[in-house]
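# A structural walkthrough
Chain by chain, the residues run as shown.
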Amino acid sequence: MPTAIDYPMLPLLDMTLFPGSETSLFVGRALSRASVEAAVAGNKELVVVRQREFGTLEFTATDLHTVGTLATVTSLTRLPDGTLKITVTAQGRVSIDSVRRSDHFRVFATVLPTPPCPPARSARLRAALLRRVGTALSPEQLALLRQVPEAGKLVDAIMPMLATPSARSIHPHHSLHQGLLEKLDGEQRLLKLMKMLPHNRRAEVPSNGEFTQALPLPGFDPAGEPQARTTADGSLWLVFAAMPPSWFIPNDATGPLGPCTDLDRLLERATGCAIFWDSLKLLQIDNPKADTVARIERFLRGVRQNWAAEAN
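Along each chain, residues carry numbers from 1 onward, in the same order as the chain's sequence is written. For this predicted model, a pLDDT threshold of at least 70 governs which residues receive local features, and a threshold of 80 or more governs which side-chain atom pairs are given and counted, while totals over whole chains, interfaces and linings are taken from all residues. As a convention, hydrogens and water are excluded, and side-chain values are obtained from all of the structure's heavy atoms.

## So, the overall build of the chain
The helix and strand inventory of the chain stands at eight helices and eleven strands. Buried residues are those whose accessible area, probed at 1.4 Å on protein chains only, stays under 20% of the maximum for their type, while exposed residues exceed 50% and partly exposed ones sit between those limits. Here the chain, with 312 residues, has 47% of them falling under the buried criterion. Sequence-distant contacts in the chain: of pairs separated by 6 or more residues, those separated by 24 or more amount to 63%. Using the Shrake-Rupley algorithm and a 1.4 Å probe, accessible areas are obtained, with residue cover drawn only from the displayed protein chains. Per element, the accessible surface of the chain, about 15,000 Å² overall, is 55% carbon and sulfur. Elements are defined by DSSP. Helices are runs of H or I of four residues or more, strands are runs of E of two residues or more, and each kind is numbered from the N terminus. It only takes one pair of heavy atoms within 4.5 Å for two residues to be counted as in contact.

## Regarding the nonpolar core
Within the largest apolar cluster, 26 residues are counted, with the highest numbers of intra-cluster contacts made by Leu 129, Leu 137, Ile 158, Leu 190 and Leu 193. Elements represented by at least two residues in this core include exactly α2 (119-133), α3 (139-145), α4 (151-162), α5 (177-182) and α6 (186-196). Top contributing element to this core by residue count: α4, with seven residues. Dropping the residues within four chain positions of it, Leu 193 is found in contact with Leu 129, Val 155, Ile 158, Met 159, Pro 172 and Leu 180. Of all hydrophobic cores here, the second largest spans 21 residues; its members include Leu 238, Phe 248, Ile 296 and Phe 299. The criterion is simple. A nonpolar core is a set of buried Ala, Val, Leu, Ile, Met, Phe, Trp, Tyr and Cys residues joined through side-chain atoms within 4.5 Å.

## Some remarks on the environment of Ala 274
Relative to the elements of secondary structure, Ala 274 occurs in the loop between α7 (263-271) and β10 (275-279). Sequence separation between Ala 274 and Met 194 is 80 residues, and the spatial gap between their C-alpha atoms is 8.9 Å.

## Examining the packing of aromatic side chains
Stacked, tilted and edge-to-face are the three classes applied to pairs of Phe, Tyr and Trp rings, where Trp contributes its six-membered ring and a pair requires centres within 6.5 Å; stacked means planes under 30 degrees apart, edge-to-face means over 60, and tilted covers the rest. Inspection of the entire model under this criterion finds one aromatic pair. Taken together, a centroid distance of 5.3 Å and an interplanar angle of 70° make the contact between Phe 220 and Phe 240 edge-to-face. Of the two residues, Phe 220 sits in the loop between β7 (211-216) and β8 (227-231) while Phe 240 sits in the loop between β9 (236-239) and α7, which places them 20 residues apart along the sequence. Taking relative accessible area as the criterion, Phe 220 reaches 0% and is therefore assigned buried.

## Looking at α4
One less than the number of residues in a helix, times 1.5 Å, gives the span that helix is expected to have. Counted at 1.5 Å a residue, the expected span for α4 with its twelve residues is 16 Å, and the 16 Å between its end C-alpha atoms agrees. For α4, a buried count of nine out of twelve residues is recorded, marking the element as mostly surrounded by other parts of the structure. All of the buried residues in α4 are Ala 151, Gly 152, Leu 154, Val 155, Asp 156, Ile 158, Met 159, Met 161 and Leu 162.

## A word on unusual backbone geometry
Note: most peptide bonds trans; most residues except glycine with negative phi. Positive phi values are uncommon outside glycine, yet Lys 44 reaches one of about 75°. With respect to the secondary-structure elements, Lys 44 resides in the loop between α1 (30-41) and β3 (45-50).

## Quick word on α7
The set of residues buried in α7 consists of Leu 263, Asp 264, Leu 267, Glu 268 and Thr 271. Projected down its long axis, α7 carries its buried residues within an arc of 145°, all on one side. Of the residues one or two after α7, Gly 272 is the one with positive phi, at around 75°. Throughout, the arc means that of the directions going from the helix axis to the C-beta atoms.

## Considerations on the pattern of salt bridges
Salt bridges are defined as contacts in which a side-chain nitrogen from Lys or Arg sits within 4 Å of a carboxyl oxygen from Asp or Glu. Under the counting rule described, the total for this entry stands at six salt bridges. Across the pair Asp 6 and Arg 106 runs a salt bridge, and its minimum N-O distance is 3.1 Å. One end of the pair, Asp 6, is in strand β1 (residues 5-12); the other, Arg 106, is in strand β6 (residues 105-111), and 100 residues separate them in sequence. Salt-bridge contacts for Glu 297 lead to Arg 301; the nearest nitrogen and oxygen are separated by 3.4 Å. With Glu 297 and Arg 301 both in helix α8 (residues 292-311), this residue pair falls four residues apart, about one helical turn.

## Comments concerning the packing of α4 against α6
A packed helix pair is summarised by two numbers, namely the angle formed by the two axes and the spacing between the axes. Working convention: axes come from line fits to C-alpha atoms, limited for helices to the stretch in contact. Angles between N-to-C directions cover 0 to 180 degrees. Running from N to C, α4 and α6 point in directions that differ by 40°, and their axes come no closer than 7 Å. One element, α4, and the other, α6, form an angle in the oblique class. Note on element contacts: α6 touches α4 through Gly 186, Glu 187, Arg 189, Leu 190 and Leu 193, opposite Ala 151, Gly 152, Leu 154, Val 155, Asp 156, Ile 158 and Met 159. Side-chain classes are defined by residue name, with Ala, Val, Leu, Ile, Met, Phe, Trp, Tyr, Cys and Pro counting as nonpolar, Asp, Glu, Lys and Arg as charged, and the others, Gly among them, as polar. A breakdown of the residues in the contact of α4 with α6 according to their chemical character gives seven nonpolar, two polar and three charged. Any angle from 65 to 115 degrees is called roughly perpendicular, while one under 35 is roughly parallel, one over 145 is roughly antiparallel, and all others are oblique.

## Overview of the side chain of His 104
Positionally, His 104 belongs in the loop between β5 (84-101) and β6. Side chain to side chain, His 104 and Arg 106 meet in a polar contact 2.8 Å long. Setting aside its immediate chain neighbours within four residues, His 104 contacts Pro 8, Leu 31, Ala 34, Ser 35 and Ala 38. Whenever two N or O atoms come within 3.5 Å, that pair is a polar contact, provided that in protein one can donate a hydrogen and the other can accept it, and provided that, for residues adjacent in sequence, both atoms are side-chain atoms.

From the geometry alone we can't say anything about function, so treat these as descriptive.
Next comes the structure, spelled out in structure tokens:
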């Protein structure tokens, strides 16, 4: 049974540190500076935790979020105005058990274990997440992330990367980070992150050799029925021969794609899965369930009937 340990505590506003990240912080509040000095004078460890309200000067457990991050101070610079510039490396998540005050902030905190995710499912979920963020990260970053073997650790590794300027268009708002940190199960944390990311991002398209199976989905377009294509990591793709379908005749009122413009959103409702695309001819169905293909087939049959009736 893990035991609570007494650590210096550094409260932060509007920032959540994820394990494995390295962050520079400016510490100006007197009690916070004293907490940093106490950590440096000891083993350099302190707990970094997000405070709930702006302007709180004295803390009890209710003034802080229940989960923070154990971090190590790796560098400290004292600026002329008394502010401390520190670099911390986040190690792991901790639960905040109680708060006490001496000449600085301190907490009793317990290191949180990470329940294992089944290897096969973890591999599929990790691949799905990397496909979702693939266009926002560099090939070098993706190569590093592919080496991360566990779902929860992948979440921790990817969050600092999503904060970089090139990836900020898909970075979840900082108000959502704390909830992500507090999830204990690695699989739950990964699924929560995928739900946070904006939809309609471009998918990283597999090569033809990566597809392992093709299932016809009759009923949508007799001139080029879509196929459900799967890959080894469990991803599911819809491949259309034509978009819009051959039976749809566009006009000035409908535009060139007509009802197909919202096909990805309609599929999301029908399947309960997030949809990503390379084009409307190539859609990725994220985290498919056992009945997802059957739902897609029923939906596409209904789509053709309804849209054809409206056109007439």
